[in-house]
Amino acid sequence: MRLSARNQIPARVTAITRGEATANVELDAAGIRLVAAITVEAADELGLTEGSEVVAVIKASEVMIGVK
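To start, this report covers the structure provided alongside it.

What counts, and at which threshold
For every chain, the first residue of its written sequence is number 1, and the numbers climb from 1 along that sequence. The predicted nature of this model means local features are confined to residues of pLDDT at least 70 and side-chain atom pairs, given and counted, to a pLDDT of 80 or more, with totals for whole chains, interfaces and linings taken over all residues. Think of the side-chain values as coming from all heavy atoms in the structure, minus any hydrogens and water. Strands qualify as paired when DSSP identifies two bridges or more between them. Where helices and strands are cited, they refer to DSSP runs of H or I of at least four residues and of E of at least two residues respectively, numbered from the N terminus. For helices, the axis comes from a line fit to the C-alpha atoms of the stretch in contact; other axes are also lines fit to C-alpha atoms, and the angle between any two N-to-C directions lies between 0 and 180 degrees. Counted as salt bridges are all cases of a side-chain nitrogen of Lys or Arg within 4 Å of a carboxyl oxygen of Asp or Glu. To sort residues, take the accessible area from a 1.4 Å probe on protein chains only and compare it with the maximum for the residue type: under 20% means buried, over 50% means exposed, and anything in between is partly exposed.

### A closer look at the sheet that holds strand β4 (residues 53-58)
Here is step 1 of the chain: Reading across from one edge, β3-β2-β1-β4 is the order of the four strands in this open sheet, with antiparallel pairing throughout. Whereas interior strands pair on both sides, the edge strands pair on one side only; in this sheet they are β3 (32-39) and β4. The sheet shows a mean angle of 50° between the axes of neighbouring strands, direction not considered.
Here is step 2 of the chain: Taken together, the six bridges between strand β1 (residues 7-18) and β4 define a ladder with antiparallel strand orientation. Considered in β4, the bridge of Pro10 is made with Val55.

Pasting the structure below:
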């Protein structure tokens, strides 16, 4: 798979919570928790299960930063 997105993070699926239309896919990216909201159809087509090795591709028009 070749993509133009530069923010590609290897991760492992740790949990999948399926709703009627959306699946929340929890990922472990080197100890950092990420959650992707994708369609249930996409989760099924990708064959995602707990333990699947995936690549999180982050494409955003803006990134916010906060400090304490």
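### What to know about the pairing of β3
Here is step 1 of the chain: In the sheet, strand β2 (residues 22-29) pairs with β3 via eight bridges, with the strands oriented antiparallel. By the bridge assignment, Ala29 is partnered in β3 with Ile32.
Here is step 2 of the chain: Connecting β2 to the next strand, β3, in antiparallel fashion are two residues, including Ala30 with a positive phi near 55°.

### As for the pattern of salt bridges
Two side chains with opposite charge may pair up if their charged atoms get near one another.
Here is step 1 of the chain: Counted according to the given criterion, the structure contains three salt bridges.
Here is step 2 of the chain: When the shortest N-O distance is used, the salt bridge between Asp44 and Arg18 registers 2.7 Å. Of this pair, Asp44 sits in helix α1 (residues 40-46) while Arg18 sits in strand β1, and the two are 26 residues apart along the sequence.
Here is step 3 of the chain: A relative accessible area of 47% means that Asp44 is categorised as partly exposed.
Here is step 4 of the chain: Here Glu26 ties to Arg33 by a salt bridge, and the two come within 3.4 Å at their closest N and O atoms.
Here is step 5 of the chain: We classify Glu26 as partly exposed; its relative accessible area is 22%.
Here is step 6 of the chain: When its relative accessible area of 59% is taken as the criterion, Arg33 is described as exposed.

### Here's the deal with unusual backbone geometry
Here is step 1 of the chain: Of note in the backbone geometry, Ala30 takes a positive phi value of approximately 55° without being a glycine.
Here is step 2 of the chain: Locating Ala30 in the fold gives a position in the loop between β2 and β3.
Here is step 3 of the chain: A residue is classified by how much of its surface remains accessible, and Ala30, at 83% relative accessible area, is exposed.

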